Amino acid sequence: MKDKKIESIIKNETKRQKSVINLIPSENYVSKDVLTALGSILDNKYAEGYPHARYYGGQRYIDELETLCQDRALKLFKLKKDLWHVNVQPLSGSPANLAVYLALVPKGGKVMGLPLSSGGHLTHGQKVSITGKIWEQIPIGMNTKTELIDYKKMKEDAIREKPQLIIVGFTAYPRIVDFKKCREVADACGAYLMVDMSHFAGLVAGEAYPTPFLYADIVTTTTHKTLRGPRGAMIFSRKDKKLGDKDISTLIDKAIFPGIQGGPHMGQIAGIAVALKEDDSPAFKKYAKQIIKNAKVLTDELSRLGWRVVSGGTDSHLILVDTWMNGKGIVGKEAEVKLEKAGIICNKNTIPGETRSPFDPSGIRIGTPAETTRGKKEKDMILIARKMDKALRGKK
Ligand code: DSN
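As the structure is a prediction and not an experimental result, all values here were calculated from the model. (Residues numbered from 1 in each chain as written. Predicted model: local features only at pLDDT ≥ 70, side-chain atom pairs only at ≥ 80, totals over all residues. Heavy atoms only, no water.)

Novice: Which residues make up the pattern of salt bridges, and what are the values?
Specialist: One pass over the structure, following the stated rule, counts 29 salt bridges. Glu161 is paired through a salt bridge with Arg160; the nearest N and O atoms lie 3.5 Å apart. Exposure remark for Arg160: the relative accessible area of 55% places this residue in the exposed category. For Glu371, the salt bridge goes to Arg374, with nearest N and O atoms at 2.9 Å. Where salt bridges share partners, they join Lys110, Lys153, Asp157, Arg160 and Glu161 into one cluster. (Salt bridge = Lys/Arg side-chain N within 4 Å of Asp/Glu carboxyl O. Buried < 20%, exposed > 50% of the residue type's maximum accessible area, 1.4 Å probe, protein only.)

Written out as structure tokens, the structure reads:
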């Protein structure tokens, strides 16, 4: 590289990434092929529009690429082409979710979602996000004892508040979401059911977590977490669902382009296509199952060492640890710093029923996708838990 400054930053970050234990559940390590596609000459091309309906010439190979990416996405999740449409252009998860709301919920309408403090994402209607400014969030209730979604309360609240759309999914909820129950809630109040599977899409692809496609009208996902692709997102929508006399798929496509985005990033779409093919393999299924095995062992060992795990465990790739334990332990911020000093990267996080501030919360969020990509198994998780315990307690 001629630009030595940037080259050196990349080298340093490469060294950092290699030298730490990465427990951030939303990060992963992509293959060389994904990076090759991402950093290719495809980035030179403008392609506003969709395959065979573009605003610029020279789209022969670009159309082939985008169509192939769509086909691979549908195949990976075993979706029939006549029933499901997929848009692979969202630049990331937040614009993907925003586009769905813009397409389906009138300004000032109601969206039911999991609050941040219960593990929801900013774009599930939090006040600080544009999604909470344009639309009103009706919070999905949690049972404070079990620290699980309270589906009975969710249904009562939905029937009373009548949200137009219900979004389920999480950034910090370690358990299985009961999509069937969520469908019942959506039917009871006449809402669309949208699942944001960003965190667990790779687990769904690997048949290690229930599929939301049996029940959802719309499914969004980022492509860079458990799916192990480049940064990006996809929106799946059912072709038979309507808003008035319009197909929701068409409305969502229009909300992405020209609604909120311009030209798609074609290198990114090529990288997604490469990852989707990699994910469609027995090796990836094994990987997805190992992620969960590792998370369970990590949870068990941390609990054994005296740390309180939110909801008592995990069914997924992520774990919430209540490091504060009502004053008996240390706050999440301090835990994050102490762990980083020991070479373990995670993030501080709120816990359900949080009594502290989101800037200085009670816990940390950890997860196993990145370390599982690096080949770590159950025995390594025990060692990681012990290393964490020592660092958190300030032992050498
Ligand atoms: N930042 C992502 C996460 O860590 O869950 C969500 O956008």
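Novice: A description of the site of the ligand should follow, citing residues and the corresponding values.
Specialist: Looking at the ligand, the residues that line it are Ser26, His121, Thr171, His199, Lys225 and Arg365. Taking Ser26, its side chain carries an N or O atom lying 2.6 Å from an oxygen atom of the ligand. Taking Arg365, its side chain carries an N or O atom lying 2.7 Å from an oxygen atom of the ligand. In the complex, 64% of the free accessible area of the ligand, which totals 230 Å², lies under the protein chains. Split by residue class, the shell around the ligand holds no nonpolar, 4 polar and 2 charged. (Near = heavy atom within 4 Å. Polar contact = N/O pair within 3.5 Å; in protein donor to acceptor, adjacent residues only side chain to side chain. Areas by Shrake-Rupley, 256 points an atom, 1.4 Å probe, with all protein chains shown as cover. Nonpolar A, V, L, I, M, F, W, Y, C, P; charged D, E, K, R; others polar.)

Novice: Outline the sheet that holds strand 16 (residues 318–322), supporting the account with residue identities and numerical values.
Specialist: If you trace the 4 strands from one edge of the open sheet to the other, you get 15-16-19-18, paired in antiparallel fashion. The strands lining the two open edges of the sheet, one partner per strand, are strand 15 (308–309) and strand 18 (347–349). Strands in contact with helix 11 (residues 282–304) are strand 15, strand 16 and strand 19 (363–367); relative to strand 16, the strand with the most contacts, it is inclined by about 15°. (Pairing = 2+ DSSP bridges. Helix = DSSP H or I, 4+ residues; strand = E, 2+ residues; numbered from the N terminus. Contact = heavy atoms within 4.5 Å. Axes fitted to C-alpha atoms, helices over the stretch in contact; angles between N-to-C directions.)

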